[in-house]
Amino acid sequence: MPKFDAEMMANSKYYRGGFDPKMNKREASLILGVSPSASKTKVKDAHKKIMLLNHPDRGGSPYLAAKINEAKDFMDNSK
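Everything quoted here is computed from the prediction, not taken from an experiment.

Observations regarding the side chain of Lys 67
- Looking at the secondary structure, you find Lys 67 in helix 4 (residues 62-77).
- Among the residues examined, Lys 67 registers a relative accessible area of 8% and is labelled buried.

What to know about the confidence of the model for the protein
- Chain-level statistics for the protein give a pLDDT mean of 86 and a share of 78% at 70 or above.
- Mean pLDDT per element in the protein: helix 1 (residues 6-10) is the minimum at 54, and helix 3 (residues 40-54) is the maximum at 96.

Observations concerning the packing of aromatic side chains
- For the coordinates displayed, the defined rule picks out one aromatic pair.
- Judged by centre distance (5.7 Å) and plane angle (70°), the rings of Phe 19 and Tyr 63 are edge-to-face. One end of the pair, Phe 19, is in the loop between helix 1 and helix 2 (25-32); the other, Tyr 63, is in helix 4, and 44 residues separate them in sequence.

With respect to the pattern of salt bridges
- In the structure shown here, the tally under the stated rule is three salt bridges.
- Across the salt bridge formed by Arg 26 and Asp 20, the nearest N and O atoms sit 4.0 Å from each other.
- Arg 26 gets classed as partly exposed once you look at its relative accessible area, which sits at 43%.

Topic: the nonpolar core
- One finds Leu 32, Val 34, Val 43, Ile 68, Ala 71 and Met 75 to be the most contacted residues of the largest nonpolar core, which totals 14 residues.
- Listed by contribution, the elements that provide at least two residues to this core are helix 2, helix 3 and helix 4.
- When near neighbours in sequence (up to four residues on either side) are disregarded, Leu 32 contacts Val 43, Ala 46, His 47, Ile 50, Ile 68, Ala 71, Lys 72 and Met 75.

Let's talk about helix 2
- For helix 2, the complete set of buried residues consists of Glu 27, Ala 28, Ser 29, Ile 31 and Leu 32.
- Buried residues along helix 2 sit against helix 3 and helix 4.
- Two or three places before Arg 26, at the start of helix 2, stands the capping residue Asn 24, its side-chain oxygen 3.2 Å from that residue's backbone nitrogen.
- Remark: Gly 33 follows helix 2 within two positions and exhibits a positive phi of approximately 75°.

Some points on the environment of Thr 41
- Assignment of secondary structure puts Thr 41 in helix 3.
- Classification of Thr 41 by relative accessible area gives exposed; the value is 52%.
- Each C-alpha atom of the pair Thr 41 and Asp 76 lies 9.8 Å from the other, and the pair is 35 residues apart in sequence.

A closer look at a nonpolar patch on the surface
- A cluster of nonpolar side chains, Phe 19, Tyr 63 and Leu 64, forms an exposed patch at the surface whose accessible area comes to about 280 Å².
- When you line up the elements, Leu 64 lands in helix 4.

Rules and cut-offs
- Residues numbered from 1 in each chain as written.
- Predicted model: local features only at pLDDT ≥ 70, side-chain atom pairs only at ≥ 80, totals over all residues.
- Heavy atoms only, no water.
- Helix = DSSP H or I, 4+ residues; strand = E, 2+ residues; numbered from the N terminus.
- Buried < 20%, exposed > 50% of the residue type's maximum accessible area, 1.4 Å probe, protein only.
- pLDDT = per-residue confidence, 0-100.
- Phe/Tyr/Trp six-rings, centres within 6.5 Å; stacked < 30°, edge-to-face > 60°.
- Salt bridge = Lys/Arg side-chain N within 4 Å of Asp/Glu carboxyl O.
- Core = buried A, V, L, I, M, F, W, Y, C linked by side-chain atoms within 4.5 Å.
- Contact = heavy atoms within 4.5 Å.
- Polar contact = N/O pair within 3.5 Å; in protein donor to acceptor, adjacent residues only side chain to side chain.
- Patch = residues over 30% accessible without salt bridge, like charges linked within 9 Å, V, L, I, M, F, W, Y side chains within 5 Å.
- Areas by Shrake-Rupley, 256 points an atom, 1.4 Å probe, with all protein chains shown as cover.

Here's what the structure looks like:
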């Protein structure tokens with residue numbers, strides 16, 4: 001089993017850090033894995049893909065599902 005250490009996490013492609021107190025465009029785009037200027041279609045497709053992997057009915061976290069939905073709503077309303 002690989003050992004997880006600080007150097008390994010520093011080189012990770014994943015964002016290290018918690019959620020911001022209030023959703024913003026940067027955080028929403030990081031959650032969905034799209035650019036901040038992504039089209040509504042890209043946002044919708046990214047949301048669908050990530051929700052399939054993280055839906056609470058499939059063992060995902062209700063908190064993460066809520067943050068994913070919040071990110072989609074934020075991106076949809078910011079256009």
